[in-house]
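Structural overview for review
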Amino acid sequence: MSDPRLLQVRGAADPAAIRSATFEGREHMVVPVVALVGGSVIEPVGSDGPELVPDEVLASAPSGWDGRPVMPDHPDGGRASANEPERLERDRIGTVFNARYEAGRLKLEAWLDVGRAERMGGLALDIIKRLRAGGQVEVSVGCYVTTAARAGRTPGGEEYAMVWTQLTPDHLAMLPADA
């Protein structure tokens, strides 16, 4: 597929490594995240089948994630960018910082604005409560991906039909407990 499309891909937060920090004069919960794993075969929401995520695509520009918004779930059910002024003002609960590609993984930190999430209530507050309690919160990246039709098999035997050739970050979503 030559046209980029917005995809949702799951990753994991690490509640054991959460710390507090101040950003823009407000308390933030800093949550380490493994957002994507290089060399893996995934079937993201919005794809036509299994896709290979090459290491070189993730390693090419991890800093592109820095400054991207953290959202409580995907905007409009995953069909929309998070980067619209009204949506950011209404729904953003944090910001991505310190993105890097390390040991075959795209790692980043979700800096969650605790006061903002508490004022927003609902899912935003639930995410903060689950993280404070040491609970698991799944994450999902929203990104625009360009793929090439290139079927193959990984050394581990996983088959794929498409290969990612380019990735443009959009947002990080913290998912509901039942997602």
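Above this note sits the structure.
Throughout this document, residue positions are counted from 1 along each chain, in the order its sequence is written. Confidence filtering applies because this is a predicted model: local features only for residues at pLDDT of at least 70, side-chain atom pairs given and counted only at 80 or more, and all residues used for totals across whole chains, interfaces and linings. Hydrogen atoms and water are omitted, and side-chain values are computed over all heavy atoms in the structure.

A word on unusual backbone geometry
Even without being a glycine, Asp73 presents a positive backbone phi close to 75°. Within the secondary structure, Asp73 sits in the loop between strand 6 (69-72) and helix 2 (85-91). To qualify as a helix, a DSSP run of H or I must reach at least 4 residues; to qualify as a strand, a run of E must reach at least 2; elements of each kind are numbered from the N terminus.

Structural notes on the environment of Asp178
Of note, Asp178 is situated in the segment after strand 10 (159-174). Between buried and exposed lies partly exposed: a residue is buried under 20% and exposed over 50% of the maximum accessible area for its type, with that area taken using a 1.4 Å probe on protein chains only. Classification of Asp178 by relative accessible area gives exposed; the value is 71%. For the pair Asp178 and Glu138, spaced 40 residues apart in the sequence, the C-alpha separation amounts to 9.8 Å.

Here's the deal with the nonpolar core
One recurring pattern in soluble globular proteins is that nonpolar side chains are buried together. Grouped together as the largest cluster of nonpolar side chains are 34 residues, with contacts concentrated most on Val33, Trp65, Leu112, Leu172 and Met174. Those elements that place two or more of their residues in this core are strand 3 (26-37), helix 1 (55-59), strand 7 (94-102), strand 8 (105-113), helix 3 (114-120), helix 4 (122-132), strand 9 (138-153) and strand 10. Those residues in contact with Leu172 that lie beyond four places of it in its chain are Val33, Pro69, Val70, Met71, Val96, Leu108, Ala110, Val139, Ser140 and Val141. Note on terminology: a nonpolar core comprises buried Ala, Val, Leu, Ile, Met, Phe, Trp, Tyr and Cys residues joined through side-chain atoms within 4.5 Å. We call two residues in contact when some of their heavy atoms are within 4.5 Å.

Digging into helix 4
Of the positions making up helix 4, those classed as buried are Ala124, Ile127, Ile128, Arg130 and Leu131. Projected down its long axis, helix 4 carries its buried residues within an arc of 165°, all on one side. Helix 4 presents Gly122 and Lys129 as exposed residues on the side facing more than 90 degrees away from its buried surface. Positive backbone phi, at 80°, marks Gly134, one or two positions downstream of helix 4. Taking the helix axis as origin, the arc is that swept by the directions to the C-beta atoms.

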